[in-house]
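Notes for the structure review
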Amino acid sequence: MSMIRCCFEPVEMPEFLDSFVKKCTEGCCCGCCSALRPRYKRLVDNIFPVNPEDGLVKSNMEKLTFYSLRSPEKLDRIGEYLYQRASKDINRKRYKFVEIAMEAMDLLLMACHAQILNLFVESFLRMVQKLLEDTNPTLQIMATNSFVRFANIEEDTPSYHRRYDFFISKFSSMCFGNNDDLELRDSMRMAGIKGLQGVIRKTVSDDLVENIWEKQHMEKIVPSLLFNMQSSSGTKTLDQEATPSTPPVLAESVLRELVSRASFGHIRAVLKPLLTHLDNHKLWVPNRFAIDTFRIVMISIQPQYSYTVVETLMSHLDQNLASSPKTRTSLAVVLSKIIAIAAGESVGPSALDIINNLLTHLKTSVSTQHESTPEETQYQEALINALGEFANHHPDYQKIEIMLFIMNTVPDPSKKSKGDLLLQHILLKSLLKVGTQYRTVSFEKAFPVSFLQPLLKMARASSVTIRVIVMQIFQQLLDRHQNQHLLSVISIGNYPTLTMEQPSRSDILFTHKYGSNMLQALIDGMSLENNIEVLKSSFNTAGLMAVEMACGETVQEFLLFVLGVQQVAITEAELSPKHRCNLHSIAISLLILVGRCTTIGSIVEYAEKLIQARMEEATHLLPPLLDNEKSAPSTLNTNLPHLMIDKLAVSECLQQAGLEHNRVQTGTPYSLNQSDMSAHRHSWVDTTAARNSIIDANYNEVESVSSSPGVQKRSLASEYNFESMKRVLAEPTEASKREAREKQAAIGRTFRETAFEDLVRRTEPQHDVLQNKLNEIFNALSAERQINNCSNQALMVASAGAGSIVVDGQKGQRPIYENNFPELFFY
């Protein structure tokens, strides 16, 4: 039963009259029965003007809004009634009235409170859907704008039953609009992109509504945005434009928003349709659009998820191994462009996992490469660049770990098959790329033993290219003051722009510990063949070591290396004459360089005298190097002792400078040794040198800052006690030291210059005296033992019976110490 209002009081209306009034009010079009309709319908009807061109009646709209706010329970009926009127007007093509109804819907939507919004939303969404289903572009754009305004409203009450499948499909189709009218086409595309943005905003923040991250939705949203982005040609980017005014810029903005809202579990749902779109439309070659798109993704994504993009892209590269080299190269280039952004957030296992994947792709490329092609080489270079870019954005300690990780994957130099050599070449180039990004502070940290040992093995490889790359790696890690380009040319001239700095204590200790192994590897590599590139790179490496490590405490190591290079050139029979000349040129160049780096003037003067003599008599023993391909004199005399570097002369130069010189004077120069660090030779000379270096280190540790360079002083911080004073008094004077040195030098010259027979003859009397003294000692011991064991012998004779003589418990046998071994004392 309904109620009808009378003049004084409401009167209950019978059921048949209620149905009659309802039919009349619904079927009447003249308005004569409007007084019998509900008030909300009358208020809704009053907002429509007689002439649709006049637009919405504002005063009546205010009454309707006030009524809806005072009676919120009527909102659902108001919305339903507006939807019915709009549907009739759409069917009758009265689009002006439809626009008025939609405008009224928008005003009511904005006026409603969040708590009562659910009562009106269903009718509103039905209204928007009805307009979107129509073919009129104006209605579609209007409906889209209304939906966007609705999407920006935050609702407090969750919705359990809303679905946005239709809106996602419709807005996506609008993004592909191809109307002949360019302005209308852009308007439709803009509306579709805005609609998708509204769906994203409305669904991402509410977990109870449609899951926007599902596959069927992302496969519609992402391609729609990419389609509009790839049509940008010369348009402004989002950063340069305050409000997006074109479809490409707006699509880029929506893609940024979509990626920024993606969580760890949802980011792959965005990336998969992105990669599929690039594949289907062949947008990898050229890859400009792909690079820009992935940069947008990497900048917009949450930083902790950025490495997921790199992993997804590398996984896609795995799936395209059978594709053309150009496509794989473009993929690798895209990876190299974005991998630096992810490097800052990749630590620990994730960083090494990315490095391992890149190395795996390199190995796969090498193993499947039947012949060297430019396309495959470009693909490998792109992967190497990606590796370098990734390592460049890591701290130095992680770069060392990355280099060590790469070094452990390089095949052993003993493997000389074509595939292994190519893989060694590629991996070492990757290592060089990482080493180029590393900034060395301490050699001890830059060259850990686990990294230095296999690197020195590769320095002795048979391949020229590999040895050159290893030398370049050493140069990048050794060059702390950018001197590499100055030492790229072998020269005996001065280096006025050379930047030098006194090595630190840790660098000096590193030189004492591993410098000999590094220099030994250089000698072994230079002696293999007369390759100019190898010799130049080896000289560059040795020169950088001298510039960075040479000082008063380590100069003997470098001088022995110089003498070793010269000795190899003199003694090795398999070397060609040009090779010998080149080694002599390197030796004299390094000698004068070491003298200048250590500021030892006597060494520089001695080197200059040798250079002057060689200029007069043997210019082929001076730089530049002699190449095998260049013409040269048929006879190259390298057996010129008076033009060679003399060990004693170098030792005297150190002595004049007040530096330790015993190792240079008595030690053995470097020689060819194909062993690695684990097989380092130890001798009494090395032990003495190590002991002397420790003593020198202890002295120099507390050396005064104001002391004169090159002169070692004893520690002033040592404790003054009786023992220290006694040691000071017991030390020999300078005259006695000089006399001892002269005597030692004379003995050395005697043993070097005297014939072997004369030396044997001179030492024979000493052998006789030694033998006589040993006989006296052994006889005394024998007599004493006979006296002490007399009683024991008697008992043994009695028990043994007659017939045998027992001496020391043995029958007639001479003691072993009574045997003479004169041959041991002659050689």
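Owing to the predicted nature of the structure, the values given are computational and were not obtained by experimental measurement. (Residues numbered from 1 in each chain as written. Predicted model: local features only at pLDDT ≥ 70, side-chain atom pairs only at ≥ 80, totals over all residues. Heavy atoms only, no water.)

1. As for the overall build of the protein
A tally of regular secondary structure across the protein gives 34 helices and four strands. Here the protein holds 827 residues, and 46% of them are scored as buried. The contacts in the protein between residues at least 6 apart in sequence include a share of 71% that link residues at least 24 apart. Total accessible area on the protein is roughly 42,700 Å²; 53% of this is exposed by carbon and sulfur atoms. (Helix = DSSP H or I, 4+ residues; strand = E, 2+ residues; numbered from the N terminus. Buried < 20%, exposed > 50% of the residue type's maximum accessible area, 1.4 Å probe, protein only. Contact = heavy atoms within 4.5 Å. Areas by Shrake-Rupley, 256 points an atom, 1.4 Å probe, with all protein chains shown as cover.)

2. Re the confidence of the model for the protein
Across the protein, the average pLDDT comes to 79, with 75% of residues at 70 or higher. Across residues 234–240 the pLDDT falls below 50, and counting only partners more than four positions away or on other chains, this stretch makes eleven contacts in the model. For the stretch residues 794–811, pLDDT sits under 50, and the model shows eight contacts to residues farther than four places along the chain or on other chains. (pLDDT = per-residue confidence, 0-100.)

3. Quick notes on the packing of aromatic side chains
Scanning all chains against the criterion turns up 17 aromatic pairs. With a centroid separation of 5.5 Å and an interplanar angle of 50°, the aromatic rings of Phe124 and Phe150 are classed as tilted. Placement of Phe124 in helix H6 (residues 118–133) and of Phe150 in helix H7 (residues 137–151) is noted, with a sequence separation of 26 residues between them. Accessibility classification places Phe124 together with Phe150 in one group, the buried group. Members of the aromatic cluster, connected to one another through ring pairs, are Phe124, Phe147, Phe150, Tyr164, Phe166, Phe167 and Phe171. A cation sits over an aromatic face here: Lys202 above Phe150, 4.4 Å from the ring centre. A cation over an aromatic ring shows up here: Arg328 above the ring of Tyr379, its NZ or CZ 4.7 Å from the ring centre. (Phe/Tyr/Trp six-rings, centres within 6.5 Å; stacked < 30°, edge-to-face > 60°. Lys NZ or Arg CZ within 6 Å of the ring centre and 35° of its normal.)

4. Points about the nonpolar core
Membership of the largest hydrophobic core comes to 207 residues, with the highest contact counts inside it found for Leu82, Phe294, Leu428, Phe447, Phe474, Phe561 and Ile645. The residues touching Ile645, leaving out its near neighbours within four places in the chain, are Val562, Leu563, Gln566, Ala587, Ile588, Leu591, Tyr606, Leu610, Arg614 and Val650. (Core = buried A, V, L, I, M, F, W, Y, C linked by side-chain atoms within 4.5 Å.)

5. Some words on the pattern of salt bridges
When the charged atoms of two side chains with opposite charge come close together, those side chains can pair. A complete count under the given rule lists 22 salt bridges for this structure. One salt bridge connects Asp186 with Arg185, and the closest N-O pair in it is separated by 3.9 Å. For Arg185, a relative accessible area of 24% gives the class partly exposed. Among the ionic pairs, Arg328 bridges to Glu376, the shortest N-O distance being 3.2 Å. Taken together, the residues Arg328 in helix H15 (residues 325–343) and Glu376 in helix H17 (residues 374–392) connect sequence positions 48 residues apart. With respect to burial, Arg328 and Glu376 carry one shared label: buried. When salt bridges with common partners are traced through the structure, they connect Arg201, Glu257 and Arg261 into a single cluster. (Salt bridge = Lys/Arg side-chain N within 4 Å of Asp/Glu carboxyl O.)

6. Section: the side chain of Thr65
Within the element layout of this structure, Thr65 appears in helix H3 (residues 58–70). Since its relative accessible area comes to 17%, Thr65 is described here as buried. In this structure Thr65 touches Leu108 and Ala111, once residues within four positions along its chain are discounted.

7. Quick word on the environment of Lys88
Tracing the sequence through the fold places Lys88 in helix H4 (residues 75–91). Taking the C-alpha atoms as reference points, Lys88 and Val98, ten residues apart in sequence, are found 8.9 Å from one another.

8. Description of unusual backbone geometry
The residue after Val285, namely Pro286, is reached through a cis peptide bond having omega -5°. Mapped onto the secondary structure, Pro286 falls in the loop between helix H12 (267–280) and helix H13 (288–300). With an omega of 5°, the peptide bond running from Pro623 to Pro624 counts as cis. Positive phi, close to 55°, is recorded for Lys282, a residue that is not glycine. Relative to the helices and strands, Lys282 is located in the loop between H12 and H13.

9. A closer look at helix H24 (residues 532–549)
Here H24 spans 25 Å end to end across 18 residues, near enough to the 26 Å set by a 1.5 Å rise per residue. Most of H24 sits out of view: 16 of its 18 residues are buried. Between a side-chain oxygen at the N-terminus of H24 and the backbone nitrogen of Glu533 the separation is 3.0 Å; the capping residue is Asn531. (Expected span 1.5 Å × (residues − 1). Polar contact = N/O pair within 3.5 Å; in protein donor to acceptor, adjacent residues only side chain to side chain.)

10. Focus: the packing of helix H10 (residues 215–229) against H12
The interhelical angle for the contact between H10 and H12, taken along N-to-C directions, is 55°, at an axis separation of 9 Å. In terms of axis orientation, H10 runs oblique to H12. The two elements H10 and H12 cross, and the hand of that crossing is right-handed. Here Met218, Glu219, Val222, Pro223, Leu226 and Phe227 of H10 lie close against H12, whose contacting residues are Ala269, Val270, Pro273, Leu274 and His277. Counted by class, the contact of H10 with H12 contains nine nonpolar, one polar and one charged residues. (Axes fitted to C-alpha atoms, helices over the stretch in contact; angles between N-to-C directions. Parallel < 35°, antiparallel > 145°, perpendicular 65-115°, else oblique. Left-handed = near helix turned anticlockwise from the far one by under 90°. Nonpolar A, V, L, I, M, F, W, Y, C, P; charged D, E, K, R; others polar.)

11. Structural notes on helix H11 (residues 247–261)
Given a rise of 1.5 Å per residue, 15 residues ought to cover 21 Å, and the 21 Å separating the end C-alpha atoms of H11 matches this to within 8%. Within H11, 13 of the 15 residues are buried, which leaves it mostly tucked inside the rest of the structure.

12. Considerations on the environment of Ser68
Summarising the element assignment, Ser68 is placed in helix H3. The spatial distance from the C-alpha of Ser68 to the C-alpha of Ile78 is 8.2 Å, given a sequence separation of ten residues. In this structure the side chain of Ser68 is engaged in a polar contact, spanning 2.7 Å, whose partner is the backbone oxygen of Thr65.

13. Quick word on the side chain of Glu557
For Glu557, the position within the fold is in helix H25 (residues 555–571). Sequence-distant contacts of Glu557, defined by excluding residues within four places in its chain, comprise Ser516, Leu519, Arg663 and Tyr670.

14. Regarding the packing of helix H9 (residues 182–204) against H11
Contact geometry for H9 and H11: axes closest at 10 Å, N-to-C directions at 10°. Classified by the angle between their axes, H9 and H11 sit roughly parallel to one another. In the crossing of H9 with H11, the sense of the turn from one axis to the other is left-handed. Residues Asp186, Arg189, Met190, Ile193, Lys194, Gln197, Ile200, Arg201 and Val204 of H9 form the contact with H11, whose participating residues are Pro247, Leu250, Ala251, Val254, Glu257, Leu258 and Arg261.

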